[in-house]
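Tertiary structure, described
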Amino acid sequence: MTWFLVHFAEIVFYSLAAVALAGAVGVIAFRSPVHAALSLLGTFLAVAGVFVLMQAEFLAAVQVLVYAGGVMVLFLFVIMLVKARDIPDEPQYVRRLVPAAVGLGALLAALVGVGIWAASGGLPADGAALRMVAGAPLGNTEAVGWSLYRDYLLPFEVVSIVLLVAMIGAIVMGRKESGRGGAA
Amino acid sequence: MANPWVAFLLVPLIKIVVILLAVILIAAYMSFFERKILAYMQIRIGPNRVGPRGWLQPIADALKLLVKEDIVPARAEKFVYFLGPVLVVAPALLVFSVIPFGPAFKLFGYEVTPYLTDVNIGILFILGVSSVGVYGVILGGWASNNKFSMMGGLRSAAQLVSYEVPMGLSVVTVLLMANSLSLVKIVEAQKQAGVWYFIPGIVAFFIYFVCGVAETNRNPFDLPEAESELVAGFHTEYSGMKFAFYFLAEYANMVVVSSIATVLFLGGWLPPFPNWLAAVWALPALAWIPPIAWFVLKMAAFLFVYIWFRGTFPRYRFDQLMDLGWKVFIPVSLVNLMAVGLGVLLIGGK
Amino acid sequence: MTVPISHFVTFAAVLFAIGAAGVLLRRSGISILLGIELMLNAANLALVAFGRQHGQLDAQVFVFFVMAVAAAEVAVGLALLVAIFRKQRSIDVDRLNVMRW
């Protein structure tokens, strides 16, 4: 019975991975964009769970907040706005190129497989470093915050400018009919 | 706790059952009190037929909804239509897993904590999980294949996403003062500080609660279900148990917002001025009050304010609602965040 | 009793491949954006997995930045889609064959 407790992390990982992959397949298999978006939501939540397993609790929370709380709501909003329900979305490919695509894909997969096999020796390092703040163990959120605001302050500010630009751009493009010269 | 099964499975399971039952009961009786209090505010009597003074009304309502026919519109998107109520209830109940109702106490020699778990990302967890609740509303509105439902769902999505921003910003001021994301630590920090955070964070407190009202789609922000324009908004087509789920989620969400406001701004289970009046609270006449009673009292006060709002304010227009969110609350909460940050820097916070 | 890193990375790789397939196979602009999101998430997973393997926090900070950029990308991408839909009444990328209108 204790087998369950000992292998708890593995059980959780493989079930979450299965959910995430099923969701991902759903994203490209469902015709209706709403169903595709929903199944992507499932994938995001499962990935957040995997983040927790990898001792990245802060990222898990941000993943749920940003992707589930923001990005996917935006997607659904736009899907309903453009009434994408009525638009057919058949998978498209040129039949002649299928063998070439399969071959290339297999080659790439082999390459990635070898890379993973070569890179993945040994056990993971001690997770303590993921929650160290100035030499004292505190918590993952604190550690990320420490790193973010000390070592990566400049990138952080740059990202905030990227977000600002994106926001302005989205507003400019989203406006109804901008007058001539207003937003060219 | 020699047996790992007891610590790992049995105790959490018992806690889950207790918390779920309590929340569902509170939500059910919340609807009763709402009708009763509104009635008194409007000089009526309110429900008084079922049981003594109408006290069994919520039970009767629940039974009625349980046995009612479940109607699915002919051209509805079946699966999503079913998923909507589930997605709206599950996050509302999930949030209760991290809300601390009281401090740890001893029971039969074991240390028992009256909350399911204390995670170190507590408040982020709550914000994240409650943002998932939007899907239930949008999807329910979309899947019903009804113009009114759709409008209600879209309005609600816009409203929830807009008001989440000032809400998050006002929560950040508390994090600045408490130096932690864990809800238990936030309450303990308020004990250390000797003052509830709503005094230094009065602006944040106000913004949080108003945004909380908007997030739960309640008066005066109940545009998604404005009956004079949208029939019943996103749940127009829902009946029976599925409607009951939307109903339950709305009231559970009110309890959630009230509980979080209690924990963040009103010192959770602490009595007023826990240090300054410590001698008073230790008096035999008052010492018997369990901490959880303080929590419930504060939560009930917030719930009353919800009903009070409903009895008092007329509904906003949608553009007014958006203006209020984006042009008033977000700038004010940003300025407030900077002010509190400066204060913490100068005075030292904690 | 931990999951070996190769399983994490394989998981991420498969997720990435599915996302890439989505981008290449679908014609609706929304489906393409969904595929891109999947690929970004897969990259994040791999980053976090490697970061854990080496006991380094920097990977998590990078993932944080990736998420911010992903959010920006979605906002701009969806705004573009809405603008295109207003002009063309369609979001089929195959029909976006004019350089100006």
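Residues numbered from 1 in each chain as written. Chains lettered and ligands numbered in written order. Predicted model: local features only at pLDDT ≥ 70, side-chain atom pairs only at ≥ 80, totals over all residues.

Further remarks concern the overall build of chain C. On a plain count of helices and strands, chain C comes out with three helices and zero strands. Over its C-alpha trace chain C gives a radius of gyration of 17 Å, far above what one expects of a compact globule, namely 13 Å for 101 residues. The principal-axis extents of the C-alpha atoms in chain C amount to approximately 55 × 25 × 20 Å. Buried positions account for 50% of the 101 residues belonging to chain C. The contacts in chain C between residues at least 6 apart in sequence include a share of 46% that link residues at least 24 apart. (Helix = DSSP H or I, 4+ residues; strand = E, 2+ residues; numbered from the N terminus. Rg over C-alpha atoms; globule rule 2.2 N^0.38 Å. Buried ≥ 20, exposed ≤ 12 C-beta atoms within 10 Å, placed from the backbone. Contact = placed C-beta atoms within 7 Å.)

A separate point is the overall build of chain A. Of regular secondary structure, chain A possesses seven helices and two strands. Taken from the N to the C terminus, the helices and strands of chain A come in the order α-α-α-α-α-β-β-α-α. Each of the 184 residues in chain A was classed as buried or not, and the buried ones make up 34%. For chain A, restricting intrachain contacts to residue pairs at least 6 apart in sequence, the fraction spanning at least 24 positions comes to 45%.

The next subject is unusual backbone geometry. Residue and element names in this part refer to chain A. The backbone of Gln 55 sits at a positive phi, close to 60°, despite the residue not being glycine. Residue placement: Gln 55 occurs in the loop between helix H3 (33–53) and helix H4 (57–81). A residue is classified by how many C-beta atoms lie within 10 Å of it, and Gln 55, with 22 of them, is buried.

Right, let's get into the interface of chain A and chain B. How big an interface is tends to be stated in terms of accessible area lost as the parts join. At the junction of the two partners, chain A supplies 18 residues and chain B supplies 21 residues. At the level of secondary structure, the elements contributing two or more residues to the side of chain A that touches chain B comprise helix H1 (2–6), H3 and H4 of chain A. With 12 residues, H4 of chain A is the single largest residue contributor to the side of chain A that touches chain B. Within the side of chain A that touches chain B, the residues separate by chemical class into 12 nonpolar, five polar and one charged. (Nonpolar A, V, L, I, M, F, W, Y, C, P; charged D, E, K, R; others polar.)

Attention now moves to the nonpolar core. The biggest cluster of nonpolar side chains holds 174 residues, and the ones touching the most others in it are Ala 37 and Met 72 of chain A together with Leu 45 of chain C. Of all the elements, H4 of chain A adds the most residues to this core, at 18 residues. Excluding residues within four positions of it along the chain, Leu 45 of chain C makes contact with Val 47 and Val 50 of chain A together with Phe 8, Phe 11, Ala 12 and Leu 15 of chain C. (Core = buried A, V, L, I, M, F, W, Y, C linked by C-beta atoms within 7 Å.)

All right, on to the interface of chain A and chain C then. Listed by partner, the interface residues are 68 residues for chain A and 60 residues for chain C. Looking at the side of chain A that touches chain C residue by residue, the class counts come to 54 nonpolar, 10 polar and four charged.

Turning next to the confidence of the model for chain C. Residue and element names in this part refer to chain C. The share of residues in chain C with pLDDT of 70 or more is 95%, and the mean pLDDT across the chain is 83. Summarising per-element confidence for chain C, the mean pLDDT is lowest in helix H1 (residues 5–25) (84) and highest in helix H2 (residues 29–53) (88). Among the prediction metrics, the complex's ipTM stands at 0.86, with pTM recorded as 0.84. (pLDDT = per-residue confidence, 0-100.)

The terminal C-alpha atoms of helix H2 (residues 8–29) of chain A, which comprises 22 residues, lie 31 Å apart, in line with the 32 Å expected from a rise of 1.5 Å per residue. Looking at H2 of chain A, one finds that the buried residues are Phe 13, Leu 16, Ala 17, Ala 20, Gly 23, Ala 24, Val 27 and Ile 28 of chain A. Along the axis of H2 of chain A, the buried positions cluster into a sector of 130°, meaning they face one direction only. Of the residues in H2 of chain A, the exposed ones pointing more than 90 degrees away from the buried face are Ser 15 and Ala 18 of chain A. Here the buried face of H2 of chain A lies against H3 of chain A together with H1 and H2 of chain C. (Expected span 1.5 Å × (residues − 1). Arc of directions from axis to C-beta.)

With that out of the way, let us pick up helix H5 (residues 147–178) of chain B. Residues and elements named next belong to chain B. Across its 32 residues, H5 extends 46 Å between first and last C-alpha, which sits within 8% of the 46 Å expected from 1.5 Å per residue. At Glu 164, H5 shows its maximal kink, close to 25°; a proline, Pro 166, follows between one and four residues later. When you tally the buried positions in H5, you get 23 out of 32 residues, the bulk of the element. In the segment just after H5, Asn 179 is the residue with positive phi, at about 65°. (Bend = angle between axes of the 7 residues up to and from the residue.)

With that settled, the discussion passes to the environment of Val 82 of chain A. Here Val 82 of chain A shows up in the loop between H4 and helix H5 (98–119). When sequence neighbours within four positions are dropped, the list of residues in contact with Val 82 of chain A reads Leu 81, Val 82, Phe 85 and Ile 91 of chain C.

Take the confidence of the model for chain A next. Reading fine detail from the predicted coordinates is not recommended where pLDDT is low. When the pLDDT values of chain A are averaged, the result is 79; 76% of them are 70 or greater. Throughout residues 180–184 of chain A the model reports pLDDT below 50, and contacts reaching past four residues in sequence, or to other chains, amount to two contacts.

In this section: the packing of H3 of chain A against H2 of chain C. Two elements in contact, H3 of chain A and H2 of chain C, have axes whose closest approach is 11 Å; the angle formed by their N-to-C orientations is 10°. By the angle between their axes, H3 of chain A is roughly parallel relative to H2 of chain C. Here Pro 33, Ala 36, Ala 37, Leu 40, Thr 43, Phe 44, Val 47, Val 50 and Phe 51 of chain A of H3 of chain A come into contact with H2 of chain C, specifically with Ile 30, Ser 31, Leu 34, Glu 37, Leu 38, Asn 41, Leu 45 and Val 48 of chain C. Taken together, the residues of the contact of H3 of chain A with H2 of chain C sort by class into 13 nonpolar, three polar and one charged. (Axes fitted to C-alpha atoms, helices over the stretch in contact; angles between N-to-C directions. Parallel < 35°, antiparallel > 145°, perpendicular 65-115°, else oblique.)

This part covers the environment of Gly 212 of chain B. All names here are of chain B. You can see Gly 212 is positioned in helix H7 (residues 202–215). As for Gly 212 and Phe 125, which are separated by 87 residues in sequence, their C-alpha atoms are 16 Å apart. Sequence-distant contacts of Gly 212, defined by excluding residues within four places in its chain, comprise Met 167, Val 257 and Ala 261.

This part covers the environment of Gly 55 of chain C. Residue and element names in this part refer to chain C. For Gly 55, the position within the fold is in the loop between H2 and helix H3 (58–88). Gly 55 sits in the partly exposed class, given 15 other C-beta atoms within 10 Å. Residues Gly 55 and Ala 70, 15 residues apart in the sequence, show an inter-C-alpha distance of 25 Å.

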